[in-house]
Amino acid sequence: FVPEDGTQVLVRGRVSLYEPRGDFQIIVEHMEQAGEGALRAAFDALKEKLANEGLFAEARKAPLPDQPGHLVIISSAAGAALQDVLHVIGRRFPAMVVTLLPVSVQGPEAERQILAALAKAPTLDPDVLLLTRGGGSLEDLWTFNLETIARAVAACPIPTVVAVGHQTDFTIAEFAADLHAPTPSAAAELISPDASELSTNVARLQERLIRNLVAELRILRETVQRYGAQLIDPR
C-alpha cells in the first residue's frame, strides 16, 4: 500500500542515532497498515475469500416466509437495536411470537455467545432468525466480520436476516445471510407483515365471499321456483 499523511502504520526496523544532531531515527524494513486500515484490509481479504467459495451466492439464500409466526432475535438485551425491532413488530404484527437470545455484540465474549445462540436457535423452531445490533466503528462491529460468525450464519437452517449498524455499515455476516437489512428497524419491516394490510385483504375476501354466496343462493332460489312451477299436483 502507499502510505499517506495521517495513515496509521505498524513498522519494523532498526533505531539509529544521527550523532551530529543527536537525532534518533528508525530505518524501516517492513511497514503495514495499522488501526482501521488493517481491519479494512482484513475485511476485504475475507470477503474475497468467502465470495470465491460461493458463500454469498444468491442461489443458496433462502426466502423469508410471508407470515412468520415465530421470530428469534439474537442481539444485546440492553441495546437500542432490540427496542427498535420490537417497536416495529408491535406496530405492524403484534401477533408474532418473539424469542430473544441475549448475547454480547462486541468484546471478548461476543464471538462465543453469538455462535452458541446461532446453534441453539434452530432448536426453538422459529420461522425467521434475526441477528442484529446498532451502529459503531469498524472495530466495534468487528465480531460480525469474523469468519466463524459468517460461516455459522450461512450454515443456519433457518431463514436468517442480519442487520448491523446504519445504512453505511457493511459486515461479512450480512453478506452471508439470506437477507441483509440496512438497519434493525428496516429488518423488522422486512420480516413482519403489515397487520392493517392483512385486515384489509381479509375484509376484501369476506366481501367477495358474501357476494358469491348471495349469487349462488339467488340461482338456487330461481331453480326451486322453476321446478315448483312445473309441478302439476303438489302431492
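The structure contained in this document is the topic of the report that follows. Quick caveat, the model's predicted, so the values are computed rather than measured.

Secondary structure summary: the protein chain contains seven helices and seven strands in total. Its helices and strands taken in sequence order, the protein chain reads β-β-α-β-α-β-α-β-α-β-α-β-α-α from the N to the C terminus. Against the globule reference of 18 Å for 235 residues, the protein chain gives a C-alpha radius of gyration of 30 Å, more extended than a compact globule. Seen along its three principal axes, the alpha-carbon backbone of the protein chain occupies a region of about 135 × 35 × 30 Å. For the protein chain, buried positions account for 31% of its 235 residues. Contacts spanning at least 24 positions in sequence make up 66% of the contacts within the protein chain whose residues lie at least 6 apart.

The next point concerns helix H3 (residues 110-120). Along H3, the residues that are buried comprise Ala110, Ile114, Ala117 and Leu118. One face of H3 carries all of its buried residues, which in axial projection span an arc of 100 degrees. Opposite the buried face of H3, at more than 90 degrees from it, the exposed residues are Arg112 and Ala119. Residues of H3 that are buried sit in contact with strand S3 (70-75), strand S4 (97-102), strand S5 (128-133) and helix H4 (147-155).

We now examine the sheet that holds S5. As summarised here, the arrangement of the five strands in space is S4-S3-S5-S6-S7, forming an open sheet in which the pairing is parallel. With one partner strand each, in any of the chains shown, S4 and strand S7 (179-180) form the two edges of the open sheet. Strands in contact with helix H6 (residues 184-191) are S3, S5, strand S6 (160-164) and S7; relative to S5, the strand with the most contacts, it is inclined by about 170 degrees.

Attention now goes to the side chain of Lys61. Along the chain, Lys61 turns up in the loop between helix H1 (36-52) and S3. Glu58 provides the closest opposite charge to the buried, salt-bridge-free Lys61, at an N-O distance of 5.0 Å. Within polar-contact distance, the side chain of Lys61 engages the backbone oxygen of Ala177 at 2.5 Å. Residues in contact with Lys61, not counting those within four places in the same chain, are Phe56, Phe175, Ala176, Ala177 and Asp178.

Bridge analysis of S3 against S4 gives six bridges, and the strand direction is parallel. By the bridge assignment, Leu71 is partnered in S4 with Val98. Regarding the hand of the β-α-β motif, the stretch spanning S3, helix H2 (residues 80-92) and S4 is right-handed.

Conventions adopted
- Residues numbered from 1 in each chain as written.
- Predicted model: local features only at pLDDT ≥ 70, side-chain atom pairs only at ≥ 80, totals over all residues.
- Heavy atoms only, no water.
- Helix = DSSP H or I, 4+ residues; strand = E, 2+ residues; numbered from the N terminus.
- Rg over C-alpha atoms; globule rule 2.2 N^0.38 Å.
- Buried < 20%, exposed > 50% of the residue type's maximum accessible area, 1.4 Å probe, protein only.
- Contact = heavy atoms within 4.5 Å.
- Arc of directions from axis to C-beta.
- Pairing = 2+ DSSP bridges.
- Axes fitted to C-alpha atoms, helices over the stretch in contact; angles between N-to-C directions.
- Lys, Arg positive; Asp, Glu negative; His and termini not counted.
- Salt bridge = Lys/Arg side-chain N within 4 Å of Asp/Glu carboxyl O.
- Polar contact = N/O pair within 3.5 Å; in protein donor to acceptor, adjacent residues only side chain to side chain.
- Right-handed = clockwise from strand over helix to strand, strands pointing away.

Don't take any of this as a statement about function, it's just geometry.
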